[in-house]
Amino acid sequence: MTMTTTTTALDTNTLAIWEEWNFDQDEVDDWIAIGFTDPVEAGEWCNAGFRVASEAAEWRKAGFVAEDAVAWEDVWPITPTETAKWVEAGFDYRDGREWGDAGFAGDELDEVLAWCDAGFDTPAKAREWREYYEFAPVEAKSWRDAGYEVEYAYAWRSAGFTQAEADEWYAAGFRDVGEAVDWFNAGLSPKAAAAAKEAGQEAPAEAE
């Protein structure tokens, strides 16, 4: 392809480089006008899939090189500015992909950071507590730090117990959530229920 006169004043050698990267006259003008004066850099962005100069400029302004920009684009449909926040928080596109695969959206960085702060720095673990059992980060941390597996924590919480209340029933010897519910519904505290069982009362009704 032979390049004709361009409105951009460039020397012959520079024009030849633009030509080597397969830019036509209008494209050269567009890329230079938006700030890409180096034809090699512009070419790298084009080869990465950014044929529109303004899109490449937006990613570059956010601090990305072409290779990383295209990698992040494959993770979430979010803006370069939003993506830069993930990078500033210490994540690369591989991390982003893992969190995305775990069900977290690109605009949920604060949520991801909350799970990380709670000690769930493995996306799969955070997903288990969040998506399957609907725990918030702080709540999940409380149950997990108390020694509960997620399914067991969920069973106690679904029965209406807080983590502290579940601890009391567990400490009193009640491992079965349903049994604890029966004694609780009979109006007994964990200690009273344990004493009633110790006395041979097998059903909450007998403890009244």
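Higher on the page you've got the structure.
Residues numbered from 1 in each chain as written. Predicted model: local features only at pLDDT ≥ 70, side-chain atom pairs only at ≥ 80, totals over all residues. Heavy atoms only, no water.

Before going further, it helps to spend a moment on the environment of Asp182. Among the secondary structure elements, Asp182 is positioned in helix α13 (residues 177-185). Spatially, the C-alpha atoms of Asp182 and Ala159 are 11 Å apart, while their sequence positions differ by 23 residues. (Helix = DSSP H or I, 4+ residues; strand = E, 2+ residues; numbered from the N terminus.)

For helix α6 (residues 80-88), the complete set of buried residues consists of Pro80, Thr83, Ala84 and Trp86. Down the axis of α6, the sector holding all buried residues measures 155°, keeping them to one side. Exposed side chains of α6 directed beyond 90 degrees from the buried face belong to Thr81 and Glu88. As for α6, its buried residues are in contact with α4 (53-61), α5 (66-73) and α8 (109-117). With its phi angle positive at about 100°, Gly90 sits one or two positions after the end of α6. (Buried < 20%, exposed > 50% of the residue type's maximum accessible area, 1.4 Å probe, protein only. Arc of directions from axis to C-beta. Contact = heavy atoms within 4.5 Å.)

Turning our attention to a negative patch on the surface. Where like charges cluster on the molecular surface, the negative patch consists of Glu55, Glu58, Glu73 and Asp74. By secondary structure assignment, the location of Glu58 is in helix α4. Residue class for Glu58 comes out partly exposed when judged on its relative accessible area of 42%. (Patch = residues over 30% accessible without salt bridge, like charges linked within 9 Å, V, L, I, M, F, W, Y side chains within 5 Å. Areas by Shrake-Rupley, 256 points an atom, 1.4 Å probe, with all protein chains shown as cover. Salt bridge = Lys/Arg side-chain N within 4 Å of Asp/Glu carboxyl O. Lys, Arg positive; Asp, Glu negative; His and termini not counted. Charge placed at Lys NZ, Arg CZ, Asp CG, Glu CD.)

So, on to the environment of Asp24. Mapped onto the secondary structure, Asp24 falls in the loop between α1 (12-20) and α2 (25-33). Since its relative accessible area comes to 32%, Asp24 is described here as partly exposed. Considering only alpha carbons, one finds Asp24 and Arg97, 73 residues apart in sequence, at a separation of 36 Å. Within the structure, Asp24 has its side chain in polar contact with the backbone nitrogen of Asp26 (distance 3.2 Å). (Polar contact = N/O pair within 3.5 Å; in protein donor to acceptor, adjacent residues only side chain to side chain.)

Buried together is how nonpolar side chains tend to be arranged in soluble globular proteins. With 52 residues, the main nonpolar core has Trp31, Trp45, Trp129 and Trp156 as its most contacted residues. The dominant element in this core, judged by the number of residues it contributes, is α4, at four residues. (Core = buried A, V, L, I, M, F, W, Y, C linked by side-chain atoms within 4.5 Å.)

This next bit is on the pattern of salt bridges. This structure, assessed with the given rule, holds eleven salt bridges. Residues Arg94 and Asp92 are paired through a salt bridge, measuring 3.1 Å at the closest nitrogen-oxygen approach. Taking the relative accessible area as the measure of exposure, Arg94 reaches 45% and is therefore partly exposed. One salt bridge in this structure joins Lys125 and Glu128, with 3.3 Å as the shortest N-O distance. Of this pair, Lys125 and Glu128 both sit in helix α9 (residues 123-132), three residues apart, which is roughly one turn of the helix. According to the relative accessible area criterion, Lys125 is partly exposed, its value standing at 41%.

Attention now moves to the side chain of Arg130. Within the secondary structure, Arg130 sits in helix α9. Here Gly103 takes part through its backbone oxygen, which lies 2.9 Å from a polar atom of the side chain of Arg130. Arg130 has contacts with Gly103, Phe104, Glu108, Glu111, Trp115 and Phe135, leaving out every residue within four places of it along the chain.

Next up on the list: the packing of aromatic side chains. In this structure the tally under the stated criterion is 23 aromatic pairs. Each ring, one from Tyr152 and one from Trp156, has its centre 6.1 Å from the other, and the planes form 70°; the classification is edge-to-face. Remark: Trp156 and Tyr152 occur in helix α11 (residues 150-158); sequence separation between them is four residues, near one turn of the helix. Of the residues examined, Tyr152 reaches a relative accessible area of 26% and is grouped as partly exposed. Assessed through its relative accessible area of 0%, Trp156 is described here as buried. Seen in terms of ring centroids, Phe161 and Phe184 are 5.6 Å apart; in terms of plane orientation they differ by 70°. Their pairing is edge-to-face. On the criterion of sequence distance, the pair formed by Phe161 in the loop between α11 and α12 (163-171) and Phe184 in helix α13 is long-range, its members being 23 residues apart. Overall, the relative accessible area of 5% leaves Phe161 in the buried class. According to the relative accessible area criterion, Phe184 is partly exposed, its value standing at 47%. (Phe/Tyr/Trp six-rings, centres within 6.5 Å; stacked < 30°, edge-to-face > 60°.)

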